[in-house]
Amino acid sequence: MTLLSVQDLKLEYDGRIILDGVSFDLAQGELKVIMGPSGSGKSTLLRCLNRLATPTGGRVVFEGRDVLGPGVDERALRQRIGFVFQNFALYRHLTALQNVTLALRHLRRMPAAEADERALRQLARMDMQAHAHKYPAQLSGGQKQRVAIARALAMDPAVLFFDEPTSALDPLMSREVVNILHQLRDERVSMLCVTHDLYLARAAGGRVMFLDEGRIHAEGEVDELFGPNADPRVRAFFHQELRQAQTAQPIDAAQPMDQAQPAGPSGPAGLAER
Amino acid sequence: MSFLQILLQLAGGVGYTIMVTVACSLTGVVVGLGVAMLSRIGPPWLRGLLGAFTFIFRAVPVLVLLFIVFFGLPNAGLRVPPLVAMMLSLGVIAGAYLAEVFRGAFDSVDASEVLAAEAMGLSRFQILRLIEIPQMLRFAVPGMINEFTTVLKYSPFAYTVGIPDVMKEAMSLSATTLRGVEIYLAVGIIYFLIYKLLVTGVWALEKRTRIPGLTG
Ligand SMILES: Nc1ncnc2c1ncn2[C@@H]1O[C@H](COP(=O)(O)OP(=O)(O)O)[C@@H](O)[C@H]1O
Ligand SMILES: [Mg+2]
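What you see is a predicted model, and the numbers here were worked out from it, not measured in a lab. (Residues numbered from 1 in each chain as written. Chains lettered and ligands numbered in written order. Predicted model: local features only at pLDDT ≥ 70, side-chain atom pairs only at ≥ 80, totals over all residues. Heavy atoms only, no water.)

### Comments concerning the interface of chain A and chain B
How big an interface is tends to be stated in terms of accessible area lost as the parts join.
And then number 1: Contact residues are listed per partner, giving 25 residues for chain A and 24 residues for chain B.
And then number 2: With both sides pooled, the region where chain A packs onto chain B buries about 2100 Å², and carbon together with sulfur makes up 63% of that total.
And then number 3: It is A:Tyr91, A:Arg92 and A:His93 that lose the most area in chain A upon contact with chain B, and together they represent 33% of the buried surface on that side.
And then number 4: On inspection of chain A and its partner chain B, the count reaches one salt bridge.
And then number 5: In this structure, the salt-bridge partner of A:Arg92 is B:Glu113, at a minimum N-O distance of 3.2 Å. (Contact = heavy atoms within 4.5 Å. Buried area = accessible area lost by both parts, 1.4 Å probe. Salt bridge = Lys/Arg side-chain N within 4 Å of Asp/Glu carboxyl O.)

Below you can see the structure in the form of structure tokens.
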């Protein structure tokens with residue numbers, strides 16, 4: 001069943017074309033990965049889908065409803081979409097637990113005890129229950145991102161959007177997040193994941209769409225997309241990512257971490273760290 | 001009359017000095033918060049209007065505004081009690097300064113947190129109340145202490161509208177005893193003690209509500 005359908009989405013800003021007719025579908029329980037160079041419009045695309053940005057053309061149908069039409073309740077729409085950001089964007093004045101309960105308390109009007117219980121369940125799902133009462137500044141990057149994912153999941157969204165969830169993390173911490181994506185995919189959570197990280201794209205195991213200059217140029221499994229018959233644009237992107245990966249520090253030189261985990265699913269480990 | 005007796009005599013005005021300082025500081029916080037909040041979420045024309053307000057009220061001398069309010073408004077048929085006159089002059093001027101302090105502190109709130117809150121489906125007002133104000137107030141503590149101190153130091157103008165504060169007591173006392181130097185030395189000591197109390201109190205409050213990694 002189609003959860004999200006994007007048809008010929010266009011966005012022009014100051015006479016510049018940012019999105020140039022993007023179309024794709026996301027099925028219930030599916031994970032789709034969007035890759036592409038910086039400035040290709042990936043973040044803008046996600047923002048159009050929950051109306052943080054306003055497209056200038058096209059159609060978006062989410063849960064059977066036209067999202068772009070007039071009279072759409074933007075705030076209700078956003079509550080159906082969990083959003084995870086590159087820089088975590090945790091509320092710094094709130095504990096991990098309070099970050100997760102905020103929406104439940106103030107959007108669902110849930111009593112404190114019920115919200116706490118529910119939030120603790122989500123934190124446990126991310127293996128973060130032991131850190132529930134810490135403030136963001138007291139958590140590592142990987143832990144912050146896990147809290148952010150718990151926060152996004154707390155409202156029982158129909159879909160999760162990830163915007164480069166591992167780009168601000170070192171290779172070891174990226175793995176924590178990759179493992180979680182893997183776990184959520186096994187639980188059949190619908191997800192749309194923008195990333196630069198080839199390791200993430202591969203380990204997550206979803207279909208990959210390649211976005212460049214506001215258009216989707218190729219779509220397929222990671223290996224066929226980046227394989228010998230790749231589109232030249234995709235090949236150029238791939239080579240650049242590989243070059244950057246080679247200059248990045250090796251995994252065993254990463255800072256000591258309290259959450260070190262064994263190697264995740266096989267793949268070009270730590271290839272695309274930036 | 002010993003120095004200690006002078007101090008005790010003046011102490012009768014301390015309550016009024018503190019009352020004026022607290023009332024005007026609170027007025028300042030309310031006005032400053034209102035202005036800073038409306039400028040943050042209001043339309044551009046309102047922002048312009050509020051900008052003009054802060055600009056003008058930061059330029060007016062406190063004593064001039066106090067006299068306009070206390071002696072001028074009764075001409076328009078509006079009698080203003082002395083404390084209210086202080087709040088409408090010193091308090092509102094402090095509000096204009098605090099609006100700037102709060103504006104700067106609002107700008108220190110991470111834009112990505114506001115975006116995350118929007119993406120979550122919170123209303124603009126909820127974001128202000130739940131995310132921006134709690135952080136902003138903590139960022140604004142040093143600036144607020146600064147402004148409260150300024151209010152304390154302007155509070156002696158209260159005697160000009162008949163509030164029997166420390167300054168008023170000192171003037172009557174020096175008129176009857178002719179021991180001005182000692183008396184005003186005592187006044188200085190009293191203001192220093194009130195200042196110390198004020199600063200210690202605000203920092204104690206800040207410490208109790210401090211969040212690891214948010215400030216300093
Ligand atoms: N708020 C904005 N105002 C103007 N231009 C923007 C804005 N946001 C993004 N852009 C432009 O849109 C293009 C796509 O940006 P973005 O979606 O952030 O790309 P990506 O996430 O793929 O790196 C870029 O060229 C960027 O300069
Ligand atoms: Mg981006």
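### Points about the UniProt feature "domain: ABC transporter" (unreviewed entry) in chain A
And then number 1: The sites that UniProt annotates as "domain: ABC transporter" (unreviewed entry) are residues 4-238 of chain A.
And then number 2: Annotation note: span residues 4-238 of chain A, helix share 37%, strand share 26%, distance between end C-alpha atoms 28 Å. (UniProt positions renumbered as here; feature names shortened; annotations may be inferred. Helix = DSSP H or I, 4+ residues; strand = E, 2+ residues; numbered from the N terminus.)

### Concerning the site of ligand 1
All names here are of chain A.
And then number 1: Every residue lining ligand 1 is accounted for by Tyr13, Arg16, Ile18, Pro37, Ser38, Gly39, Ser40, Gly41, Lys42, Ser43 and Thr44.
And then number 2: One of the side-chain N or O atoms of Lys42 is found 2.9 Å from an oxygen atom in ligand 1.
And then number 3: Within the contact set of ligand 1, an oxygen atom lies 2.8 Å away from a side-chain nitrogen or oxygen of Ser43.
And then number 4: Here ligand 1 has 550 Å² of accessible area as a free molecule, and 61% of this is covered by the chains.
And then number 5: No other element matches the three residues that helix α1 (residues 42-49) contributes to the shell around ligand 1. (Near = heavy atom within 4 Å. Polar contact = N/O pair within 3.5 Å; in protein donor to acceptor, adjacent residues only side chain to side chain. Areas by Shrake-Rupley, 256 points an atom, 1.4 Å probe, with all protein chains shown as cover.)

### Let's talk about helix α4 (residues 62-72) of chain B
All names here are of chain B.
And then number 1: Within α4, the full set of buried residues consists of Val62, Leu65, Leu66, Val69 and Phe70. Along α4, the residues classed as buried sweep out an arc of 115 degrees about the axis, all on the same side.
And then number 2: In this structure, the buried residues of α4 make contact with α3 (44-59), α5 (82-107) and α8 (141-154). (Buried < 20%, exposed > 50% of the residue type's maximum accessible area, 1.4 Å probe, protein only. Arc of directions from axis to C-beta.)

### Description of unusual backbone geometry
Residues and elements named next belong to chain A.
And then number 1: Unlike most non-glycine residues, Asp8 shows phi in positive territory, near 50 degrees.
And then number 2: Along the polypeptide, Asp8 turns up in strand β1 (residues 2-13).
And then number 3: A relative accessible area of 38% means that Asp8 is categorised as partly exposed.

### Observations concerning the sheet that holds strand β4 (residues 57-62) of chain A
Residue and element names in this part refer to chain A.
And then number 1: Taken in spatial order, the four strands line up as β2-β1-β4-β5 in an open sheet, and their pairing is antiparallel. The strands lining the two open edges of the sheet, one partner per strand, are β2 (16-27) and β5 (65-66).
And then number 2: Direction of pairing for β4 relative to β5: antiparallel, over a ladder of two bridges. Bridge pairing links Val61 to Asp66 in β5. (Pairing = 2+ DSSP bridges.)

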